[in-house]
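So you can see what is in the structure, the chains are spelled out below.
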Amino acid sequence: MTGLASMRPTLVGIAAAFATGLVIATPWFVAEGNMRLMIEIFAVFAFAQGWNFLAGYVGIMSFGQQLFIGLGAYFLFLASNWTGANPFLILPLSFVFSALFAAAISPFVFRLRDAYLAISIWVVAEIVRLFISQRDALGSVSGLPLVATREMERSLVATSSFYYAGALALISVFGLYYLSISRLGLALAAVRDNEGTASAIGINVWWTRFFGFVLGSGFTGAAGAVYYMSVFHVEPGGAFDPNWMVVMLFIVIIGGVGTVEGPIIGTAIYFLFRAWFAGTGNLYLMLLGSAAVLVMLISPRGIWGVVKSKSGVDLLGARHASGLEAAAKKSRTIS
Amino acid sequence: MAPVVSVEGLTRRFGAITVADDLSFAVGSGECLGIIGPNGAGKTSVFNMLAGAIRPHAGRIFLDGRDITETSQHARTLLGLGRTYQVPQPFGLLTAFENVLAAATFSRRSRGEEAEVARSVLVRTGLAARADVPAGSLPLLDRKRLELARAMALKPRVLLLDEIAGGLTEAEVVQLVALIGALKPDLAIVWIEHVTHALSAVADRILAINFGSRIAEGTPAEVMAHPAVLEVYMGTVLDVAPRG
Ligand SMILES: Nc1ncnc2c1ncn2[C@@H]1O[C@H](COP(=O)(O)OP(=O)(O)O)[C@@H](O)[C@H]1O
Ligand SMILES: [Mg+2]
């Protein structure tokens, strides 16, 4: 048991290598149409994992993460259209831009707590959406096309987008796992659980929260850029749509907040629901809502939370095993 | 010998309540100062000021002769201050081991051997068998043990203990006294405690406060026999007895 626990980072590493190989091989086996669906699934999964990271690992509840989806997408479109640069090359800058924007608003939103903080980021999202909607240079309400991809070869665009989306998904699983067991992950968890005690053991709480917020929001920005790059068009009403927030909440709550595995389950359920019921209009939204409420009533820690506590299986949890309990049990049976 | 930690003229009010009224004391390495006083006297508030969780309205706080009155809480920990909370404040979702590991890691005084330090502290505080249980689901007594374990894992130079003996059995009190006695030679300890026989066994001096001001100070025997202390404690006993 202890042996397995201490080997876990290595086992996860093997799984990560295998998954990376799978992503790299996919374009050779999967038709372009299916690849498009996979890009969408991976990007939405990354949105959800970005929010899960903030809510479950950093302890920042934000109801405005659509802000960063939109910012990442708009940065990519504008930077590429204005400079003529290849969007695939400048995409990582969407992470940087969104992260910088998060850093810039932190001093203001961090003055607020809990629900006020959550809403304040939503307010910022609405302000940015209105700002863009009223400026022709930014495409106003009808949005922007991605000019550079028009001259590129279709299959190259699809493959490149898929690799970026695959990278997002891999980071959402394995990056989050390794981050959570790292020194930074431990500091974030401490701040999440008890800010006063975190200070008392030498953690700079403000900077730790700041770093978590900037990292998570930057990641969401990169995911937003990938999502809209793959559809070649962005408009403020879609990119800054609060419904993105509903999707993230649904996926994370139903799967299990604060776990790597939960949003994987949540994303699968979300896309299955969509495939089966999307044609049913309002009924579909009511189904999503009822499913989330049902799961919350049964287990506030989501489906994976139940599975984990019932089965004792913990694949990607941020656990540091002490190695003490086994030793303590052994000495007890001897004496 | 120069004191490790000292306060001069510490004063703080919460509205009409005075929790520290021109308090001064100093504690050297290898020394233990006990603090007693009735509930609400301001003992925990003094710790909150020492640790940097709240600011005094007047007075200075020194660590190794350096004025830390304006120093932030986490920076004081890095300078060597470690505290326990009277009401346990663990990282609830983290295991006992992770709680202590975090303390060993972020106090930066156990570089390269954080896990070993965390394990040894858990063994010494009797938490080894509970090491991998989330702290939030530990019973109260274990959460109190975890307070001491976490503070020890900081490897502090000044250890602030806030009522850690309450609720222990007599045998456990004996163990606790032995543990703190073993820590004492390398640290300056300030210990707030109602279990006065435990405190008297370790403390070199005791400071008695009421309404934030000093009512007596001296050796444990002197303070326990001091008329002002007897009056306050008899008073509380008489206040409480008819209700109980
Ligand atoms: N943050 C605070 N805000 C307002 N009042 C406080 C605060 N902290 C302590 N007090 C009050 O100060 C008084 C002293 O509290 P405390 O220092 O906890 O006493 P003790 O530890 O001696 O029992 C109590 O009346 C308490 O209610
Ligand atoms: Mg107290």
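All figures in this text were calculated on a predicted structure; none of them were measured in a lab.

1. Thoughts on the overall build of chain A
Tallying secondary structure elements over chain A gives 15 helices and two strands in all. Against the 2.2 N^0.38 benchmark of 20 Å for 335 residues, chain A shows a C-alpha radius of gyration of 21 Å, consistent with a compact globule. Overall size of chain A, expressed as C-alpha extent along the three principal axes, is 80 × 50 × 40 Å. Counting over 335 residues, chain A shows a buried share of 50%. For chain A, contacts bridging at least 24 residues in sequence account for 81% of all contacts bridging at least 6. Of the roughly 15200 Å² of accessible surface on chain A, 72% is carried by carbon and sulfur atoms. Computed over 19 positive and 14 negative side-chain charges, the separation of the two mean positions in chain A equals 11 Å.

2. A few points about the nonpolar core
By size, the foremost hydrophobic cluster in this structure holds 93 residues, and its most contacted members are Val44, Leu67, Phe213, Tyr228, Phe250 and Tyr270 of chain A. Ranked by the residues each element gives to this core, the list is headed by helix α2 (residues 32-58) of chain A, at 15 residues. Among residues more than four places away in sequence, those in contact with Val44 of chain A are Tyr227, Trp244, Val247, Ile251, Tyr270 and Phe271 of chain A. If you look at the next biggest cluster of nonpolar residues, it comprises 60 residues, including Phe106, Ala135, Leu168 and Ala208 of chain B.

3. Digging into the environment of Thr219 of chain B
All names here are of chain B. Inspection of the secondary structure puts Thr219 in the loop between β10 (213-218) and α8 (220-224). The class of Thr219 is partly exposed, set by a relative accessible area of 33%. Each C-alpha atom of the pair Thr219 and Ser200 lies 8.5 Å from the other, and the pair is 19 residues apart in sequence. Thr219 has contacts with Asp204 and Arg205, leaving out every residue within four places of it along the chain.

4. What to know about the interface of chain A and chain B
With 28 residues of chain A at the interface, the matching set in chain B holds 34 residues. Put simply, chain A and chain B have one salt bridge between them. Note that Glu98 of chain B is salt-bridged to Arg319 of chain A, the shortest N-O span being 2.7 Å. Along the contact surface separating chain A from chain B lie 14 residue pairs in polar contact (both at pLDDT 80 or more).

5. Quick notes on the packing of α2 of chain A against helix α6 (residues 154-180) of chain A
All names here are of chain A. In contact at an axis separation of 9 Å, α2 and α6 are set at 30 degrees when each is read in the N-to-C sense. One finds that α2 runs roughly parallel with respect to α6. Every pair of crossing elements has a handedness; the one defined by α2 and α6 is left-handed. Here the residues of the contact of α2 with α6 are counted per class, giving 16 nonpolar, eight polar and three charged.

6. What to know about the coordination of the magnesium ion (ligand 2)
All names here are of chain B. Looking at the magnesium ion (ligand 2), the protein donor atoms are Thr44 (OG1) and Gln86 (OE1), and they sit 2.0 to 2.1 Å from it. Taken together, the residues Thr44 in helix α1 (residues 43-51) and Gln86 in the loop between β6 (81-83) and α3 (96-106) connect sequence positions 42 residues apart. For Thr44, a relative accessible area of 25% translates into the label partly exposed.

7. Comments concerning the site of ligand 1
Residue and element names in this part refer to chain B. Around ligand 1 sit Phe14, Ile17, Val19, Pro38, Asn39, Gly40, Ala41, Gly42, Lys43, Thr44 and Ser45, and that is every residue in its neighbourhood. At a separation of 3.2 Å, an oxygen atom of ligand 1 approaches a polar backbone atom of Ala41. Protein burial of ligand 1: of its 560 Å² of free accessible surface, 60% is covered by the chains. Those elements that provide at least two residues to the shell around ligand 1 are β2 (17-27) and α1. At three residues, α1 tops the list of elements feeding residues into the shell around ligand 1.

Rules of the game
Residues numbered from 1 in each chain as written. Chains lettered and ligands numbered in written order. Predicted model: local features only at pLDDT ≥ 70, side-chain atom pairs only at ≥ 80, totals over all residues. Heavy atoms only, no water. Helix = DSSP H or I, 4+ residues; strand = E, 2+ residues; numbered from the N terminus. Rg over C-alpha atoms; globule rule 2.2 N^0.38 Å. Buried < 20%, exposed > 50% of the residue type's maximum accessible area, 1.4 Å probe, protein only. Contact = heavy atoms within 4.5 Å. Areas by Shrake-Rupley, 256 points an atom, 1.4 Å probe, with all protein chains shown as cover. Lys, Arg positive; Asp, Glu negative; His and termini not counted. Charge placed at Lys NZ, Arg CZ, Asp CG, Glu CD. Core = buried A, V, L, I, M, F, W, Y, C linked by side-chain atoms within 4.5 Å. Salt bridge = Lys/Arg side-chain N within 4 Å of Asp/Glu carboxyl O. Polar contact = N/O pair within 3.5 Å; in protein donor to acceptor, adjacent residues only side chain to side chain. Axes fitted to C-alpha atoms, helices over the stretch in contact; angles between N-to-C directions. Parallel < 35°, antiparallel > 145°, perpendicular 65-115°, else oblique. Left-handed = near helix turned anticlockwise from the far one by under 90°. Nonpolar A, V, L, I, M, F, W, Y, C, P; charged D, E, K, R; others polar. Donors = N, O, S within 2.8 Å, 3.2 Å for Na, K, Ca; no water. Near = heavy atom within 4 Å.

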